[in-house]
Amino acid sequence: MLLFSVIRKAALNVLTPWLAPIIWDGIYNLNILNEQHKDTRIGLFVFAVKKYIRFLGPFLESAERFFMVGHNVTYYVFTDRVSEIVKPKMGDGHSLQLREVTADKRWQDVSMRRMEILTALTKQLTNEIDYLVCADVDMVFNDHMGVEMLGDLFATLHPGFFLAEPHAFSYERHPISAAYIPFGEGDFYYMAALYGGKVEEIYKLSVACQHGIMEDKKKNIEAVWQEESHLNRYLVYNKPTKVLSPEYLWATNMPNGEFIKRKRFLAVPKNHEEVRN
Ligand code: 5GW
Ligand code: MN
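First, a word on what this report is: a plain description of the structure on this page. (Residues numbered from 1 in each chain as written. Chains lettered and ligands numbered in written order. Predicted model: local features only at pLDDT ≥ 70, side-chain atom pairs only at ≥ 80, totals over all residues. Heavy atoms only, no water.)

Another point: the site of ligand 1. In the vicinity of ligand 1 lie 14 residues, with Phe47, Val49, Tyr52, Asp138 and Lys270 positioned nearest. Within the side chain of aspartate 136, one N or O atom sits 3.1 Å away from an oxygen atom of ligand 1. Taking aspartate 138, its side chain carries an N or O atom lying 2.9 Å from an oxygen atom of ligand 1. Out of a free accessible area of 580 Å², ligand 1 has 87% covered by protein chains. The cavity where ligand 1 resides is the largest pocket. Put simply, the parts of the chain that give the shell around ligand 1 at least two residues each are β2 (41-48), α4 (107-125) and α7 (272-276). (Near = heavy atom within 4 Å. Polar contact = N/O pair within 3.5 Å; in protein donor to acceptor, adjacent residues only side chain to side chain. Areas by Shrake-Rupley, 256 points an atom, 1.4 Å probe, with all protein chains shown as cover. 1 Å grid on protein atoms, 1.4 Å probe; cavity = no way out; pocket = protein on both sides within 12 Å on 5 of 7 lines; lining within 4 Å. Sits in = over half its atoms within 2 Å of the grid points. Helix = DSSP H or I, 4+ residues; strand = E, 2+ residues; numbered from the N terminus.)

On to the layout of surface pockets. Quantified by volume, the largest pocket comes out at close to 1,200 Å³. Surrounding the largest pocket, 42 residues form its lining, Tyr52, Asp136, Asp138, Lys270 and His272 being those nearest its centre. For the lining of the largest pocket, the elements supplying multiple residues, two or more each, are β2, α4, β8 (190-198), α6 (226-237) and α7. A per-class count over the lining of the largest pocket returns 23 nonpolar, eight polar and eleven charged. (Points joined across faces, edges and corners; volume = space filled by probe spheres on them. Nonpolar A, V, L, I, M, F, W, Y, C, P; charged D, E, K, R; others polar.)

Evaluation of the coordinates by the stated rule reveals 15 aromatic pairs. Ring geometry for phenylalanine 141 and phenylalanine 265: centres 4.5 Å apart, planes at 35 degrees, overall tilted. With phenylalanine 141 in strand β6 (residues 139-141) and phenylalanine 265 in strand β10 (residues 265-267), this residue pair connects regions lying 124 residues apart in the sequence. Taken individually, phenylalanine 141 and phenylalanine 265 each receive the classification buried, so the pair is uniform in this respect. Pairing phenylalanine 169 with tyrosine 189 gives two aromatic rings, centres 6.4 Å apart and planes at 45 degrees, and the pair type is tilted. Of the two residues, phenylalanine 169 is situated in the loop between β7 (153-157) and β8 and tyrosine 189 in the loop between β7 and β8; the sequence distance between them amounts to 20 residues. Chaining the aromatic ring pairs together yields one cluster made of Phe59, Phe67, Phe141 and Phe265. Looking at arginine 173, its charged tip hangs above the ring of phenylalanine 183, at a distance of 3.8 Å from the centre. A cation over an aromatic ring shows up here: lysine 239 above the ring of tryptophan 18, its NZ or CZ 5.1 Å from the ring centre. (Phe/Tyr/Trp six-rings, centres within 6.5 Å; stacked < 30°, edge-to-face > 60°. Buried < 20%, exposed > 50% of the residue type's maximum accessible area, 1.4 Å probe, protein only. Lys NZ or Arg CZ within 6 Å of the ring centre and 35° of its normal.)

Next up on the list: the pairing of β2. Counted residue by residue, β2 has seven buried out of eight residues, so it is predominantly covered. Relative to strand β3 (residues 72-79), β2 is paired through eight bridges, and the arrangement is parallel. Bridging across to β3, leucine 44 finds its partner in tyrosine 75. Read as a crossover between parallel neighbours, the route from β2 over helix α3 (residues 56-66) to β3 is right-handed. In this sheet, strand β5 (residues 131-135) lies alongside β2 in parallel orientation, the contact comprising five bridges. If you follow valine 46 over to β5, its bridge partner there is alanine 135. (Pairing = 2+ DSSP bridges. Right-handed = clockwise from strand over helix to strand, strands pointing away.)

The interhelical angle for the contact between helix α5 (residues 199-218) and α6, taken along N-to-C directions, is 125 degrees, at an axis separation of 9 Å. Relative to α6, the element α5 lies oblique. Relative to α6, the crossing made by α5 is right-handed. Contact residues: Glu201, Lys204, Leu205, Ala208, Cys209, Gly212, Ile213 and Asp216 in α5; Glu227, His230, Leu231, Tyr234 and Leu235 in α6. (Axes fitted to C-alpha atoms, helices over the stretch in contact; angles between N-to-C directions. Parallel < 35°, antiparallel > 145°, perpendicular 65-115°, else oblique. Left-handed = near helix turned anticlockwise from the far one by under 90°. Contact = heavy atoms within 4.5 Å.)

Here it is, written out as structure tokens:
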């Protein structure tokens, strides 16, 4: 009993307070969804500059095994060293586009730059794909991740906060920042390592987040978790139509793993000091 009162049940629910589905294993019928999505074109946006290029091979190879298998997929890979990238073997209907970006010096800027690139990409992609999935590259696909995750606007529960109370969420709490979320607002803490939606929805999202990032830069401030803070702010006021459970974003060293039956997308352990230099 005590355990159940301590655990925030909302996070283990299958519906948000605004009645969007929270996707866990067992709540969807994949055959029906695969049929509905047989002509859907899906993009996967990923950013790999500087030392993070090393993550790209395992990311793409595991994506070919688990991500949208049997569907039409285009990988949009942004990197500062196009010539160093080895394209893995792709399944039928899968292709890869490599695009050059300049690498920022500060890692915080690298991470935030993704919003700017995303705005440019989604502006351009309107007729090329239907949905865009945005992911961190320091990840591997470890189990099925298919069309059940798609929706007009979707985001993923942060594995470190899915049982936490909202007052403990690491939202930006300083009113001076454009990412500010007051105590008492916000439903979930989402992780910026996986989100997506219809191309036009991701365009709107990236424009808003990029705008917030620039507003903060003008004031010489930066939100506590960079673009993740701006993403969370956007999603408080623009509710996602689907929420992905931590099955879709996990790290093997996380507590409460017993709640997570399928660990579909795993963070690769990294030496922070080493990758930052
Ligand atoms: C490097 C050092 C520290 C923080 C970020 C970077 C970094 C991130 C980089 O050098 N190159 C790069 O391409 N990135 C992109 O930003 C990757 O797509 C990466 O997955 C994403 C977010 O950075 P992460 O994965 O280090 O953030 P956390 O919150 O998962 O640790
Ligand atoms: Mn990451």
